[in-house]
Amino acid sequence: MSDGLRASGSSMHTDLCERFGIRYPIFGFTPSEKVAAAITRAGGMGVLGCVRFNDPDELDAVLNWMDENTDGKPYGVDIVMPAKVPTEGTAVDIDKLIPQGHKDFVEKTLADLGVPPLPGERESAGVLGWLHSVARSHVEVALKHPIKLIANALGSPPKDVIDQAHEHGVPVAALAGKAEHAKRHVENGVDIVVAQGYEAGGHTGDVASMVLWPEIVDALDGSAPVLAAGGIGSGRQAAAALALGASGVWTGSIWLTAAEYDLGTVTAGGDSVVQQALLKATSSDTVRTRIYTGKPARLLKTKWTQAWDAEGAPTPLPMPLQNILVSGAHERMNRAHDPETVCFPAGQIVGRMNEIRPTAEIVADLVAGFESAVDRLNEIRG
């Protein structure tokens, strides 16, 4: 194991805990600031996804809230900067690059699914956080706050962004789906590699976690710590990750059914329409597709994803055009409150996400499950 366990009231404590001042090596990615803060308060490190913020001032306000609600404990941010700089411009300019046939398909599909327009409201102009210019503004804003980590969901950020973070004393993490990607990240100055397996939600590669994690650990040979990601929803899985050489775990999907989760799509019943869909899903109810952003991402399988797989459906556009195309549709489906049509990133671990629970309870269960798994292995060894 590249990062030895240490005693600290819990056996789930590695060198990364000492480095970041956290109790457990549990890094939790979420677009919800309420969940991110709760993960941090519970002893892990909440990592706030920033891609949804088109307005830097809005991100600044949310990070102010994080500063005030994390009890002085560390948190991080996650940006999206693809290796290849995508088309730049305003939403209006970029919209002109989208073929009319794609727009017609989206409107026809929404009509076929019975998704109404937003009465008296303008649809979203799309998420511009995929643009390098917007992502750089996220970095600028974040570094004005006491963040302890910047992660990039699409690999290594540009070298100048890494250097900028290091000048502020902030380490950089980058996701990798192959061992060669991980080595290139470290050569570029990345401090921590997130080895994300095929099972993960959102942008993910095609190598399964059980194969990928030790491959990347071995390829880096101690040059950088590795966080295991993809299919982690229990303490037993976290124990397996650390047994395979990881220094901690990077989790995402399991926080989607946290009680604190709220992105403004709450129904009269209390749970969001996305959470209703997640609670009913099995581990087979996801699909890896380009229809969300233009890059391969694992999504919850619904009538919307099935429509894009049907004969005659157009080919998804490259990033960021695809998201600009479908962003308004996502908003309409969320507001329609039909869990059979919503579109949202989710990993195969969704089959274990069967109830709404407080974030602190999820963290506690991860730790307890880890310790039980370690105890069982000790018994077997004995």
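Residues numbered from 1 in each chain as written. Predicted model: local features only at pLDDT ≥ 70, side-chain atom pairs only at ≥ 80, totals over all residues. Heavy atoms only, no water.

- As annotated in an unreviewed UniProt entry, the protein carries the name Nitronate monooxygenase and is attributed to Mycobacteroides franklinii.

1. Things to note about the sheet that holds strand 6 (residues 192-196)
Here is step 1 of the chain: Taken in spatial order, the 8 strands line up as 1-2-3-4-5-6-8-9 and close into a barrel, and their pairing is parallel. On average, adjacent strands in this sheet sit at an angle of 25° to one another, irrespective of strand direction.
Here is step 2 of the chain: The strands touched by helix 2 (residues 33-41) are strand 1 (26-30), strand 2 (45-49) and strand 3 (75-79); relative to strand 2, the strand with the most contacts, the crossing angle is about 165°. (Pairing = 2+ DSSP bridges. Helix = DSSP H or I, 4+ residues; strand = E, 2+ residues; numbered from the N terminus. Axes fitted to C-alpha atoms, helices over the stretch in contact; angles between N-to-C directions. Contact = heavy atoms within 4.5 Å.)

2. Description of the packing of helix 8 (residues 179-187) against helix 9 (residues 209-220)
Here is step 1 of the chain: Helix 9 packs onto helix 8 with a crossing angle of 40° between their chain directions and a minimal axis gap of 9 Å. The angle between the axes of helix 8 and helix 9 places the two elements in the oblique class. Every pair of crossing elements has a handedness; the one defined by helix 8 and helix 9 is right-handed. Residues Ala179, Ala182, Lys183 and Val186 of helix 8 form the contact with helix 9, whose own contacting residues are Leu212, Glu215, Ile216, Ala219 and Leu220.
Here is step 2 of the chain: For the contact of helix 8 with helix 9, the residue count by class is 7 nonpolar, no polar and 2 charged. (Parallel < 35°, antiparallel > 145°, perpendicular 65-115°, else oblique. Left-handed = near helix turned anticlockwise from the far one by under 90°. Nonpolar A, V, L, I, M, F, W, Y, C, P; charged D, E, K, R; others polar.)

3. A closer look at the sheet that holds strand 7 (residues 202-203)
Here is step 1 of the chain: Pairing is antiparallel in the open sheet, where 3 strands are placed in the order 7-11-10. Every other strand in the sheet has two partners, leaving strand 7 and strand 10 (286-289) as the edge strands with one partner each.
Here is step 2 of the chain: Inspection of the sheet shows strand 7 paired to strand 11 (residues 297-300) by 2 bridges, in the antiparallel sense. Directly across from His203, in strand 11, lies its bridge partner Ala297.

4. Description of the packing of aromatic side chains
For any two aromatic rings, the description comes down to two numbers: the centre-to-centre distance and the angle of the planes.
Here is step 1 of the chain: Tallying each qualifying case throughout the model produces 3 aromatic pairs.
Here is step 2 of the chain: Measuring from ring centre to ring centre gives 4.8 Å for Phe105 and Trp308, while their planes differ by 75°; the resulting arrangement is edge-to-face. One end of the pair, Phe105, is in helix 5 (residues 100-112); the other, Trp308, is in helix 12 (residues 303-309), and 203 residues separate them in sequence. Comparing Phe105 with Trp308, the two get one shared label, buried.
Here is step 3 of the chain: One aromatic cluster in this structure is built from Phe105, Trp304 and Trp308.
Here is step 4 of the chain: Geometry around Tyr198 places Arg298 over its ring, the cationic atom sitting 4.4 Å from the centre. (Phe/Tyr/Trp six-rings, centres within 6.5 Å; stacked < 30°, edge-to-face > 60°. Buried < 20%, exposed > 50% of the residue type's maximum accessible area, 1.4 Å probe, protein only. Lys NZ or Arg CZ within 6 Å of the ring centre and 35° of its normal.)

5. Topic: the nonpolar core
General note: in soluble globular proteins, nonpolar side chains tend to be found buried as a group.
Here is step 1 of the chain: Counting residues in each nonpolar core, the largest one holds 48 residues, and the members touching the most others are Ile26, Ile216, Trp255 and Leu278.
Here is step 2 of the chain: Within the residue set of this core, elements represented by two or more residues are helix 2, helix 8, strand 6, helix 9, strand 8 (226-229), helix 10 (235-243), helix 11 (273-280) and helix 14 (359-381).
Here is step 3 of the chain: Looking at which element gives the most residues to this core, the answer is helix 14, with 6 residues.
Here is step 4 of the chain: Residues within four places of Ile26 in sequence aside, it is in contact with Met12, Gly44, Met45, Val249, Thr251, Trp255, Val363, Leu366 and Val367.
Here is step 5 of the chain: Ranked by size, the runner-up nonpolar core spans 27 residues in total, among them Ala36, Cys50, Leu63 and Met81. (Core = buried A, V, L, I, M, F, W, Y, C linked by side-chain atoms within 4.5 Å.)

6. Quick look at the pairing of strand 6
Successive residues of a regular strand alternate their side chains across the two faces of the sheet.
Here is step 1 of the chain: In terms of burial, strand 6 is largely enclosed, as 5 of its 5 residues are buried.
Here is step 2 of the chain: Where strand 5 (residues 172-176) meets strand 6, 4 bridges bridge the pair, whose relative direction is parallel. Following the sheet pairing, Leu175 is matched in strand 6 by Val194.
Here is step 3 of the chain: Once the chain exits strand 5 it traverses helix 8 before rejoining the sheet at strand 6, and the crossover so formed is right-handed.
Here is step 4 of the chain: For strand 6 and strand 8, the ladder comprises 4 bridges, and the chain directions are parallel. Its bridge partner lying in strand 8, Gln196 is registered against Ala229. (Right-handed = clockwise from strand over helix to strand, strands pointing away.)

7. Quick look at the packing of helix 2 against helix 3 (residues 56-68)
Here is step 1 of the chain: Between helix 2 and helix 3, whose axes approach to 10 Å, the crossing angle comes to 30°. When the interaxial angle is binned, helix 2 and helix 3 end up roughly parallel. As helix 2 packs across helix 3, the resulting crossing turns out to be right-handed. Residues Glu33, Lys34, Ala36 and Ala37 of helix 2 pack against Val62, Trp65 and Met66 of helix 3.
Here is step 2 of the chain: Classifying every residue of the contact of helix 2 with helix 3 by side-chain character gives 5 nonpolar, no polar and 2 charged.

8. What about the pattern of salt bridges?
Here is step 1 of the chain: Summed over all chains, the structure comprises 10 salt bridges.
Here is step 2 of the chain: In this structure, the salt-bridge partner of Asp112 is Lys108, at a minimum N-O distance of 2.8 Å. Placement of both Asp112 and Lys108 in helix 5 is noted, with a separation of 4 residues, approximately one turn of the helix. This pair shows no difference in class: Asp112 is exposed, exactly as Lys108 is.
Here is step 3 of the chain: Each of Arg357, Glu361 and Asp365 takes part in one network of salt bridges that share partners. (Salt bridge = Lys/Arg side-chain N within 4 Å of Asp/Glu carboxyl O.)

9. So, the side chain of Ser156
Here is step 1 of the chain: As for its position among the elements, Ser156 is in the loop between strand 4 (149-152) and helix 7 (159-167).
Here is step 2 of the chain: Each residue touching Ser156, except ones within four places of it in the same chain, is listed here: Ile162, Ala174, His185, Asn188 and Val190.

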